[in-house]
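Residues per chain are reported as follows:
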Amino acid sequence: MNAPIVLELPPDLKQERLPKHVAVIMDGNGRWAKRQGLPRIMGHKRGVDALKDLLRCCRDWGVQALTAYAFSTENWGRPLEEVEFLMTLFERVLRKELREMMQEDVQIRFVGNLNALPRSLQAEISRSMADTQNNRGIKFTVATNYGGRQEILAATKAIALQVQQGLVQPDQIDEALFESHLYTAGICDPDLLIRTSGEMRISNFLLWQLAYAEIYITETLWPDFDRSEFHRALCSYQERERRFGKV
Ligand code: FPP
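Summarised in this report is the structure supplied together with it.

Here is what the cut-offs are and how they apply
- Residues numbered from 1 in each chain as written.
- Predicted model: local features only at pLDDT ≥ 70, side-chain atom pairs only at ≥ 80, totals over all residues.
- Heavy atoms only, no water.
- Helix = DSSP H or I, 4+ residues; strand = E, 2+ residues; numbered from the N terminus.
- Rg over C-alpha atoms; globule rule 2.2 N^0.38 Å.
- Contact = heavy atoms within 4.5 Å.
- Lys, Arg positive; Asp, Glu negative; His and termini not counted.
- Charge placed at Lys NZ, Arg CZ, Asp CG, Glu CD.
- 1 Å grid on protein atoms, 1.4 Å probe; cavity = no way out; pocket = protein on both sides within 12 Å on 5 of 7 lines; lining within 4 Å.
- Points joined across faces, edges and corners; volume = space filled by probe spheres on them.
- Nonpolar A, V, L, I, M, F, W, Y, C, P; charged D, E, K, R; others polar.
- Expected span 1.5 Å × (residues − 1).
- Buried < 20%, exposed > 50% of the residue type's maximum accessible area, 1.4 Å probe, protein only.
- Arc of directions from axis to C-beta.
- Pairing = 2+ DSSP bridges.
- Phe/Tyr/Trp six-rings, centres within 6.5 Å; stacked < 30°, edge-to-face > 60°.
- Core = buried A, V, L, I, M, F, W, Y, C linked by side-chain atoms within 4.5 Å.
- Salt bridge = Lys/Arg side-chain N within 4 Å of Asp/Glu carboxyl O.

Topic: the overall build of the protein
Assigned secondary structure in the protein consists of seven helices and six strands. In the protein, the order of α-helices and β-strands from amino to carboxyl end is β-α-α-β-α-β-α-β-α-α-β-β-α. A globule of 247 residues ought to have a C-alpha radius of gyration of about 18 Å, and the protein, at 19 Å, matches this closely. Taking the principal axes of its C-alpha atoms as reference, the protein extends roughly 65 × 50 × 35 Å. At a minimum sequence separation of 6, the contacts of the protein that also span at least 24 residues come to 76%. In the protein, 32 positive and 33 negative side-chain charges are present, and the distance between their average locations comes to 3 Å.

Topic: the layout of surface pockets
Roughly 890 Å³ of volume is contained in the largest pocket. Every element with two or more residues in the lining of the largest pocket is listed here: α1 (29–35), α2 (40–61), β2 (65–72), α3 (80–103), β3 (107–111) and β4 (139–146). The residue inventory of the lining of the largest pocket, partitioned by class, reads 20 nonpolar, eight polar and 11 charged.

A closer look at helix α5 (residues 148–164)
Compared with the 24 Å implied by 1.5 Å per residue over 17 residues, the 24 Å span of α5 between its first and last C-alpha is a close match. Taken residue by residue, α5 has Gly148, Glu151, Ala155 and Ile159 as its buried positions. Take α5 and look down its axis: the buried residues cluster within an arc of 65°, on one side only. In α5, the exposed positions that point more than 90 degrees away from the buried face belong to Arg149, Leu153, Lys157 and Gln164. Residues of α5 that are buried make contact with β4 and α6 (175–179).

Structural notes on the pairing of strand β5 (residues 192–195)
Burial along β5 is two-sided: Leu192 and Ile194 and Leu193 and Arg195, pointing in opposite directions, are all buried. For β5 and strand β6 (residues 214–217), the ladder comprises four bridges, and the chain directions are parallel. Bridged to Leu193 within β6 is Ile215.

Topic: the packing of aromatic side chains
Here the distance between the centres and the angle between the planes together describe a pair of aromatic rings. Evaluated as defined, the whole model comprises 10 aromatic pairs. Ring-pair connections join several aromatic residues into one group, and the members of that group are Trp61, Trp222, Phe225 and Phe230.

Here we look at the nonpolar core
By size, the foremost hydrophobic cluster in this structure holds 46 residues, and its most contacted members are Val24, Leu66, Phe140, Ile194 and Phe230. Looking at this core element by element, the count peaks at nine residues for α3. Phe140 has contacts with Leu51, Leu55, Leu66, Ala68, Val106, Gln107, Ile108 and Arg109, leaving out every residue within four places of it along the chain.

Considering the pattern of salt bridges
All told, the structure shown has 19 salt bridges when counted by the stated rule. Between Arg95 and Glu91 there is a salt bridge, with the nearest N and O atoms lying 2.9 Å from each other. Placement of the pair is Arg95 and Glu91 together in helix α3, with a separation of four residues, close to one helical turn. A salt bridge links Glu124 to Arg95; the shortest N-O distance between them is 3.1 Å. On the criterion of sequence distance, the pair formed by Glu124 in helix α4 (residues 119–132) and Arg95 in helix α3 is long-range, its members being 29 residues apart. Judged by its relative accessible area of 43%, Arg95 is partly exposed. What emerges from the salt-bridge pattern is a single network uniting Asp53, Arg56, Arg59, Asp60, Glu100, Glu104 and Arg227.

Remember, this is a structural readout, not a statement about activity or role.
Next comes the structure, spelled out in structure tokens:
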């Protein structure tokens, strides 16, 4: 039997010490499927369910922003059938979930090199971002065809162009200016990064934005990451003292 869903913030978590923004690297879908004797794609399908529940849980417990790594620039190297399945899955999920996102006041945003995605997926992405842009609930960011190094290079090129055109002086380049050229402009940095399946890597995810994030790694595979796992991650986060380089 599944554990009951905990809608209220568990009493051992303190609202004022919750991370404002949680980022997740959803790893282990393929291994989960293999363990069940299922094709890898079934792991991704179950991964969507886990992500939907985490989004709801963040909303129920008062976390203001969630960012998920759905597809990296390196993921194009996977077998063609898996890449095509993922692209179709993203599109289908967006089409199916848009109404509920509106009802639940979710503001969705995609970050990454979106121009390289299939046209039909780009159209769903644009529609979902436009329809939800005035929603005031949780900010849900999906990194798709995303690479942290590529993002930093794109920002650098944009600033170099402005310098070349005389619009910006080199000594005006500070963190605020740089951040305004990142895909994530306007979204606060994640306070907590969760990675499932036990890998101890950042894998080119939000390289700039994770500078001061607390990192939580669990052996649990992504499709099994549920509210009790999230509860454990938040307990670990609340026990830490964040010093941002100070004493
Ligand atoms: C990593 O597991 C997972 C992915 C590359 C895909 C994650 C995407 C989703 C859960 C869908 C999200 C959908 C929307 C619309 C936001 P893996 O395949 O690397 O697992 P393995 O390491 O066990 O092989």
